[in-house]
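Examining the three-dimensional arrangement
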Amino acid sequence: MIECHNLTKYYDKFKALDDLNLSIAEGEIFGFIGPNGAGKSTTIKVLTGLLQPTKGSATINGLDCASGAKELRYQVGYMPDNFGVYEGLKVWEYLDFFCAAYKIPKKERTECIDRVLDITSSGRIKDFYMEALSKGMKQKAGLAKTLLHDPAVVILDEPSSGLDPRARIEMRELIKKLKEMGKTIMVSSHILTELAEISDQIGIIEKGVLLASGKVSEVMGEFRQELRYEVEILSDSKRASKAMSLFTEKGMVGDVEDLGSLFSFVIPSGEEKDAAKILELLIKNKIIIKSYRPVESDLEDVFLKVTNQHGNEE
Ligand SMILES: Nc1ncnc2c1ncn2[C@@H]1O[C@H](COP(=O)(O)OP(=O)(O)OP(=O)(O)O)[C@@H](O)[C@H]1O
Ligand SMILES: [Mg+2]
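Thresholds, definitions, all that
- Residues numbered from 1 in each chain as written.
- Chains lettered and ligands numbered in written order.
- Predicted model: local features only at pLDDT ≥ 70, side-chain atom pairs only at ≥ 80, totals over all residues.
- Near = placed C-beta within 6 Å.
- Helix = DSSP H or I, 4+ residues; strand = E, 2+ residues; numbered from the N terminus.
- Nonpolar A, V, L, I, M, F, W, Y, C, P; charged D, E, K, R; others polar.
- Pairing = 2+ DSSP bridges.
- Contact = placed C-beta atoms within 7 Å.
- Axes fitted to C-alpha atoms, helices over the stretch in contact; angles between N-to-C directions.
- Buried ≥ 20, exposed ≤ 12 C-beta atoms within 10 Å, placed from the backbone.
- pLDDT = per-residue confidence, 0-100.
- Parallel < 35°, antiparallel > 145°, perpendicular 65-115°, else oblique.
- Left-handed = near helix turned anticlockwise from the far one by under 90°.
- Domains from an automatic or database assignment.

Another aspect to go through is the site of ligand 1. Surrounding ligand 1, one finds 13 residues, the nearest of these being Tyr11, Asn36, Lys40, Ser41 and Thr42. Those elements that provide at least two residues to the shell around ligand 1 are β2 (14-24) and α1 (40-47). The residue makeup of the shell around ligand 1, split by class, is four nonpolar, seven polar and two charged.

Dropping the structure here:
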């Protein structure tokens, strides 16, 4: 549905996108994640035909995004990260204006506006002035506008930026609703956890390079190389410290963090059975254990690891 092939974009001599390849299947939510300046908006602008790529190509439904094909405008709904609003327009007037831009016949517009207000649960702000909307309301009105022509593909550039936690949840729910309606969705954010739960696939971009992409679990798996365990003890921590030093000397554990009654360490072999062996040895050393468990690396750890690795390679 959405494809980027060796997409490269220079702004003068600055390379903002470097040989980007990605593929988003019909009906999927693709979470596009990267820190500030990573190239998310640049990619999105190429996909929406606002920027021409320097090299490579992008297609939506087989149509070249750089072609300016009218059909693309009808197939794609795009919500920019920052969109201006015309002062003195009520929400319904703003939507009516865009209905006209999409050449939706006059007699269909009321129904069309009511439909998008209903999808975005924004009926009550219909008569509010655009400039008087809170950030959360404005984003909903912007999303309503994006859906007026019932596009098959919806591209949202940081729709949750600047929203409070409740509004963020609402935006996530809205994105899920769009998926249920059968739409293909690309949504960007600089926060991985924001999108992980709702995305079928994610792509992590930094400095114009797509560092990882795939299902959330695959990307997590790829970058979770170390097996880290945590042991909480009830007995004398000096004894445990000593045991840990010994295990470290023997290369059985690495990167030990000693927090007194809690130790965290890496099993260098990455084998569960070696973690079990450590537990056995701790018990043999008469250390009373409260808990012993693997440390799950969370999404933010993965994100930091992915982007750090990239930084170290340079
Ligand atoms: N019109 C432009 N002219 C020159 N450089 C640009 C232009 N637009 C973007 N850039 C640069 O290209 C890089 C990528 O920018 P882009 O806006 O795509 O990043 P982003 O991932 O959307 O970041 P953010 O999270 O801040 O929105 C940045 O270093 C930015 O400074
Ligand atoms: Mg951006």
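On we go.
Let us look at the sheet that holds β2. One open sheet accounts for four strands, arranged β2-β1-β4-β5; its pairing is antiparallel. Each edge of the sheet is formed by a strand with only one pairing partner; in this case those strands are β2 and β5 (63-64). Note that strand β4 (residues 55-60) and β5 share two bridges and pair antiparallel. Across the sheet, the residue bridging to Ile60 is Leu63, located in β5. Relative to the sheet, α1 contacts β1 (2-11), β2 and β4, its axis offset from that of β1 by approximately 115 degrees.

The next subject is the sheet that holds strand β14 (residues 289-294). Either a parallel or an antiparallel arrangement is found when strands of a sheet pair, and the pairing is made through backbone hydrogen bonds. Taken together, the four strands give an open sheet; going across it, the order is β12-β13-β11-β14, and neighbouring strands pair in antiparallel fashion. Looking at which strands have only one partner, the edges of the open sheet turn out to be β12 (254-258) and β14. Direction aside, the axes of adjacent strands within the sheet are offset by 15 degrees on average. As defined by bridge partners, strand β11 (residues 227-233) adjoins β14 across five bridges and the pair is classed as antiparallel. Bridge pairing links Tyr229 to Pro294 in β14. Where helix α9 (residues 237-249) meets the sheet, its contacts fall on β11, β12 and β13 (262-267), and the angle it forms with β12 comes to roughly 170 degrees.

On to unusual backbone geometry. Positive phi outside glycine occurs at Asp19, with the angle close to 55 degrees. Following the sequence through the fold, Asp19 ends up in strand β2. The exposure class of Asp19 is partly exposed, given the 15 C-beta atoms found within 10 Å. Of note, Asp255 is a non-glycine position whose phi angle comes to about 50 degrees, a positive value. For Asp255, the position within the fold is in strand β12. Take Asp255: there are 11 C-beta atoms within 10 Å of it, and that puts it in the exposed class.

This part is about the confidence of the model for the chain. The share of residues in the chain with pLDDT of 70 or more is 95%, and the mean pLDDT across the chain is 90. Averaged over each element, pLDDT in the chain is lowest for helix α11 (residues 299-313) (65) and highest for strand β7 (residues 153-156) (97).

Below, the discussion takes up the packing of helix α3 (residues 91-101) against helix α5 (residues 135-147). When two helices pack together, their arrangement is given by the angle between their axes and by how far apart the axes lie. Two elements in contact, α3 and α5, have axes whose closest approach is 9 Å; the angle formed by their N-to-C orientations is 25 degrees. Put simply, α3 runs roughly parallel to α5. Seen along the crossing, α3 lies across α5 with a hand that is right-handed. Residues Val91, Tyr94, Leu95 and Phe98 of α3 form the contact with α5, whose participating residues are Ala141, Ala144 and Lys145. Looking at the contact of α3 with α5 residue by residue, the classes come out as six nonpolar, no polar and one charged.

Moving on to the environment of Val91. Relative to the helices and strands, Val91 is located in helix α3. In this structure the C-alpha to C-alpha distance between Val91 and Ser122, which are 31 residues apart in sequence, comes to 9.5 Å. Val91 has contacts with Ile125, Lys126, Phe128, Met130 and Ala141, leaving out every residue within four places of it along the chain.

With that out of the way, let us pick up the domain arrangement of the chain. Many analyses report the size of an interface as the accessible area lost when the parts associate. Domain parsing of the chain yields domain 1 (2-222) and domain 2 (225-296). Summarising the inter-unit geometry, the C-alpha centres of domain 1 and domain 2 are found 47 Å apart.

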